[in-house]
Amino acid sequence: MKFDIAAKLVSASQRAWVVHAGRARVNYGDFKDNGIVFLEAPYLRLESNIVRSKSNLRRAIRRSVAFRKHAETTGSQAPSEILSDYDSGTFKESDLQSLSGSVSRIYGLAKKGDLVIVPGKEIFNGISQPVIRFGEITSDFDPSEIYIGGRLASQSVPLRRVRWLKVVPRKSISFDLERRIGKPPAVREIKIDRDNEELLKHAYESYIFEGNSSSLVTADKYDARDFVLLNHSSELIAFLVSAHAVITQNGNPGAITDIRAFTEKHFQEASIENIEVDFASPGHWRIVGATVSLAVFVSLGVAVFASGISVDDLKAGIEVENSVSPGDGTAKDLQASMNILLDSMGKLQLEKATGTAKKAKNVIGLQSATRSVR
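The rules behind each value
- Residues numbered from 1 in each chain as written.
- Predicted model: local features only at pLDDT ≥ 70, side-chain atom pairs only at ≥ 80, totals over all residues.
- Heavy atoms only, no water.
- Helix = DSSP H or I, 4+ residues; strand = E, 2+ residues; numbered from the N terminus.
- Buried < 20%, exposed > 50% of the residue type's maximum accessible area, 1.4 Å probe, protein only.
- Areas by Shrake-Rupley, 256 points an atom, 1.4 Å probe, with all protein chains shown as cover.
- Salt bridge = Lys/Arg side-chain N within 4 Å of Asp/Glu carboxyl O.
- Pairing = 2+ DSSP bridges.
- Contact = heavy atoms within 4.5 Å.
- Axes fitted to C-alpha atoms, helices over the stretch in contact; angles between N-to-C directions.
- Expected span 1.5 Å × (residues − 1).
- Parallel < 35°, antiparallel > 145°, perpendicular 65-115°, else oblique.
- Nonpolar A, V, L, I, M, F, W, Y, C, P; charged D, E, K, R; others polar.

Moving on to the overall build of the protein. The secondary structure content of the protein amounts to 11 helices and 17 strands. Taken over the C-alpha atoms alone, the protein extends approximately 85 × 40 × 35 Å along its principal axes. Buried positions account for 50% of the 374 residues belonging to the protein. For the protein, the accessible surface area stands at approximately 17500 Å², while carbon and sulfur atoms represent 49% of it.

The next thing to look at is the pattern of salt bridges. The final tally for this structure, using the stated rule, is 22 salt bridges. Residue Lys 111 pairs with Asp 114 through a salt bridge whose shortest N-O separation is 2.9 Å. The residue Arg 163 makes a salt bridge to Glu 136 at a minimum N-O spacing of 3.4 Å. Placement of the pair is Arg 163 in strand β9 (residues 160–169) and Glu 136 in strand β6 (residues 127–137), with a sequence separation of 27 residues. One salt-bridge network, in which partners are shared between bridges, spans Arg 45, Glu 47, Arg 63 and Glu 81.

Before going further, it helps to spend a moment on the sheet that holds β9. The mixed open sheet is built from six strands, whose spatial order is β4-β9-β6-β5-β3-β10. Lying at the two open borders of the sheet, with one neighbouring strand each, are β4 (36–37) and β10 (187–190). Most of the contacts of helix α3 (residues 94–109) go to β10, to which it runs at about 60°, and overall it touches β3 (16–19), β4, β9 and β10.

Another point: helix α8 (residues 294–305). Here α8 spans 17 Å end to end across 12 residues, near enough to the 16 Å set by a 1.5 Å rise per residue. Of all the 12 residues making up α8, 12 are buried; the element is thus mostly covered by neighbouring parts of the structure. What α8 keeps buried is the set Leu 294, Ala 295, Val 296, Phe 297, Val 298, Ser 299, Leu 300, Gly 301, Val 302, Ala 303, Val 304 and Phe 305.

Moving on, we come to the packing of helix α6 (residues 227–250) against helix α10 (residues 330–344). Relative to each other, α6 and α10 sit at 110°, their axes nearing to 10 Å. Considering their axes alone, α6 and α10 lie roughly perpendicular with respect to each other. In contact with Phe 239, Leu 240, Ala 243 and Ile 247 of α6, α10 contributes Ser 337, Ile 340 and Leu 341. Looking at the contact of α6 with α10, its residues break down into six nonpolar, one polar and no charged.

Turning next to the environment of Val 288. Mapped onto the fold, Val 288 is located in strand β14 (residues 283–289). We classify Val 288 as buried; its relative accessible area is 4%. Sequence separation between Val 288 and Pro 158 is 130 residues; the distance between their C-alpha atoms is 39 Å. Leaving out residues up to four positions away in the same chain, Val 288 has contacts with Lys 201, Ser 213, Ser 214, Ile 272, Glu 273, Asn 274 and Glu 276.

Examined bridge by bridge, β4 and β9 share two bridges and lie antiparallel to one another. Looking at β9, one finds that Val 37 is bridged to Arg 160. As judged from the seven bridges shared by β6 and β9, these two strands associate in the antiparallel manner. The residue bridging Gly 135 from the neighbouring strand is Trp 164, located in β9.

Turning to the environment of Ala 66, a few remarks are in order. As for its position among the elements, Ala 66 is in helix α2 (residues 54–72). Spatially, the C-alpha atom of Ala 66 lies 51 Å from that of Ile 5, the residues being 61 residues apart in sequence. Setting aside residues no more than four positions away along its own chain, Ala 66 makes contact with Pro 79 and Tyr 86.

The next subject is the sheet that holds strand β15 (residues 319–321). Taking strand neighbours across the sheet as the criterion, the three strands line up as β15-β1-β17 in an open arrangement whose pairing is mixed. A single partner strand is all that each edge strand has here, and the edge strands are β15 and β17 (371–372). Bridge count for strand β1 (residues 2–4) against β17 is two bridges, and the pairing is antiparallel. Bridge assignment links Asp 4 to a residue of β17, and that residue is Arg 371.

Excluding glycine, residues mostly have negative phi values, and the peptide bonds linking residues are mostly trans. The residue Arg 25 is not glycine, and still its phi comes out positive at about 55°. Considering the arrangement of structural elements, one finds Arg 25 in the loop between β3 and α1 (28–34). Using a relative accessible area of 37% as the deciding quantity, one classes Arg 25 as partly exposed. Backbone geometry at Ser 156 places phi at a positive 50°, although glycine is not the residue there. Look at Ser 156 and you get partly exposed, because its relative accessible area is 21%.

Here it is, written out as structure tokens:
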């Protein structure tokens, strides 16, 4: 059996950009439905690496303004297509100064793999409410790709293609992040660092960043009647945290004949930074490990135990891949560690762990960011 940990390896070069969807978020539906973001700069053409030249970018913006005025004026003469016919001097108009900076950021500086953060409003959990949509730019900027929207402000605009990752209610983000997202300019950068790691938690269920790992384990069908099973699931998570500590420090934990006793003995050895527990709606654990693999190991363990694979097949070993960051070597390290754990567990203890996980999966919806792929 193969499992995909789907853990994003966040590189030091990755950046995050807030892109506002026009005044009153009028372009939010275009962004969401088409997997794109753009600026309200109709007829803006950015051929020949214009964004790399401030003077040529100013010419291109003045050309787009001229073509917009032409579109708004019946019977007017078409303006020149030639870039050099337009003034390259600095803008006196504050709106064009702001637009120039936003164009440079989203079409010039933003690159494939960067995060995109878009405030909007939509139906979420059955209620119309303000939301924040997180996505990832999927390709390099191509000036030949143009979006033709239904409004004049979105006619013939350059675009960036985005794979949407997650949508969260705006009320669920912190005041500090809310302040950073803020209001216009249309495009602003939020630096990805430990102070702003909340961005990553909203965008990715599982990720590795600056030597730490973070992974989400959910139980979205939980209600108060399932409290005992919820505790058993927490004990299973604690066991996986303990097993990771022993395996990474000693290589082989020896025969595990009692899960609870093993956990009580070794949990304090774990490089666990935090386990966030939130069962408001939906319920989840967020595992934060002070190593590159701890949280993802827990995510993998939950998926393996809840997979429904027979104990004998688990004993034969599993394979692990990482579709989100395939070049990262963490997947193979986790494969080796998980197979050591499965081999170390006595058959009765493995049956106990898989039984708990499968019941929790069926009753409270226990699952992690890791998925079985074969």
